[in-house]
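Listed here are the chains, written in short residue letters.
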Amino acid sequence: MTENNKRDIVCSGIRPTGNLHLGNYFGALRNFVKLQEQYDCYFFVADYHSLTTHPTPDNLYLNARQILIQYLAAGLDPERSTIYFQSDLPQTAELYLFFNMNAYLGELERVTSFKDKVRQNPNNVNAGLLTYPTLMAADILIHKATRVPVGKDQEQHLEMTRTYAQRFNSMYGSEVFPLPQAVGSEGGLVKIPALNGSGKMGKSEGEASTIFLTDEPSVIRKKIMKAKSDSGPTEMNQRKPEEIENLFSLLRAVSKPETVEYFEDLYNRCQIRYGDLKKQLAEDMVAFVEPLRQRILEVGADEQGLRRIIDRGKEKARASADRTLHEVRHVIGYRD
Ligand code: TYM
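Definitions and cut-offs
- Residues numbered from 1 in each chain as written.
- Predicted model: local features only at pLDDT ≥ 70, side-chain atom pairs only at ≥ 80, totals over all residues.
- Heavy atoms only, no water.
- Buried < 20%, exposed > 50% of the residue type's maximum accessible area, 1.4 Å probe, protein only.
- Helix = DSSP H or I, 4+ residues; strand = E, 2+ residues; numbered from the N terminus.
- Pairing = 2+ DSSP bridges.
- Right-handed = clockwise from strand over helix to strand, strands pointing away.
- Expected span 1.5 Å × (residues − 1).
- Bend = angle between axes of the 7 residues up to and from the residue.
- Domains from an automatic or database assignment.
- Contact = heavy atoms within 4.5 Å.
- Buried area = accessible area lost by both parts, 1.4 Å probe.
- Salt bridge = Lys/Arg side-chain N within 4 Å of Asp/Glu carboxyl O.
- Polar contact = N/O pair within 3.5 Å; in protein donor to acceptor, adjacent residues only side chain to side chain.

Q: Quick question: what am I supposed to make of the pairing of strand β3 (residues 81-85) here?
A: Strand residues, when the strand is regular, have side chains that alternate between the two faces of the sheet. When you tally the buried positions in β3, you get five out of five residues, the bulk of the element. Neither face of β3 is left uncovered, since the one carrying Ser 81, Ile 83 and Phe 85 and the one carrying Thr 82 and Tyr 84 both have all their residues buried. Relative to β3, strand β2 (residues 40-45) runs parallel, the two sharing five bridges. Considered in β3, the bridge of Cys 41 is made with Ser 81. Of the crossover connections in this fold, the one passing from β2 over helix α2 (residues 57-74) to the parallel β3 is right-handed.

In structure tokens, the structure reads:
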């Protein structure tokens, strides 16, 4: 399959746990938009996965709809990509059941994201959290995808997807599933840092450390001016501490290369003033996010258009999933 790029299948999703942030954008969404130019793409809103943290019936649909709007605002094109809600594809749940039969407690308990969740929320260690990787494998393999655009934090989940694909193939002596790879940008898989100096940008680091695509300019400025920094380098060409490296990572994401070089040079000569760096970063960030925020407002106002996209996506995704599931059921031994 991979010899002929045209036929490669791409699949990925994002959980509807709030508005999308810069980590989601640079780790995943930006690459979704690029990949749809070249491949056969399936992008979904992971609204089954979100049940692991128990959303209420009132906000489940609205949150999922909001992610769909943000996909479209960022440039996902329903004519080129199949865009759908995970819960519109119950075939995924059946494949998940099959993978769970060959997934072992020990390997699931060793997954880093599971261990983190257990630590953060010891009173909600549900079976859905434990089997998060088999559901993810089902999402990807239901379309026999070979490329999965994700951020660095999903690398281990992709490794497990390959394990379940391979295990199924060898158990049934078949080559039903490909072994999908995580894909990032040219420089590899991306990790966008939080503004509080450590860790990755995301909900768990708190709202103040996370820039959302829906943040207004004044909010972005405030968050960036408050970002953690230190008292400055004391030696020429000194290695940057984590919080400073993080500010530079954000600068690299949204500013021009000349701007990055300018501040790198000041840093290396111990002449940098972090207030200036942050002001520049805030302005470049606003220039980057504001058009997206406006687009989100526009797309969100077209209810009928959204409905059409949801229905069309469901239909296309189901056709692909039915093909895979038919083959899988046959290989397992069911006779329809
Ligand atoms: P989720 O919803 O946590 O994140 C969605 C995507 O955003 C990326 N991401 C980041 N990338 C770089 N830096 C960050 N700070 C950052 N924060 C988030 C994630 O790597 C991800 O690509 N399990 C997935 C959702 C999912 C999925 C799938 C993905 C469900 N099924 C099948 C791919 C294929 C998740 O929770 O991502």
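Q: Looking at this structure, I do not really get helix α1 (residues 22-35). What am I missing?
A: For α1, with 14 residues, the first-to-last C-alpha span of 18 Å sits near the 20 Å given by 1.5 Å per residue. The sharpest bend along α1 reaches about 40° and sits at Ala 28. For α1, the tally of buried residues reaches 12 of 14 residues, placing the bulk of the element in the interior. Residues of α1 that are buried: Leu 22, Gly 23, Asn 24, Tyr 25, Phe 26, Gly 27, Ala 28, Leu 29, Asn 31, Phe 32, Val 33 and Leu 35.

Q: Whenever I open this one, the domain arrangement of the protein confuses me. Can you help?
A: By a widely used convention, the size of an interface equals the accessible area lost when the partners come together. The assigned domain composition of the protein is domain 1 (9-183 + 303-332) and domain 2 (203-297). The gap between the C-alpha centroids of domain 1 and domain 2 is 31 Å. Taken together, the 14 residues of domain 1 in the interface contact 16 residues of domain 2. Carbon and sulfur atoms make up 72% of the area that domain 1 and domain 2 hide from each other, which totals about 1200 Å². Counting the surface domain 1 buries against domain 2, the share from its top three residues, His 21, Leu 22 and Ala 73, is 41%. Applying the counting criterion to the domain 1 and domain 2 interface returns zero salt bridges. Run the count over domain 1 and domain 2 and you get three residue pairs in polar contact (both at pLDDT 80 or more). Listed by contribution, the elements that provide at least two residues to the side of domain 1 that touches domain 2 are α1 and α2. Of all the elements, α2 adds the most residues to the side of domain 1 that touches domain 2, at five residues.

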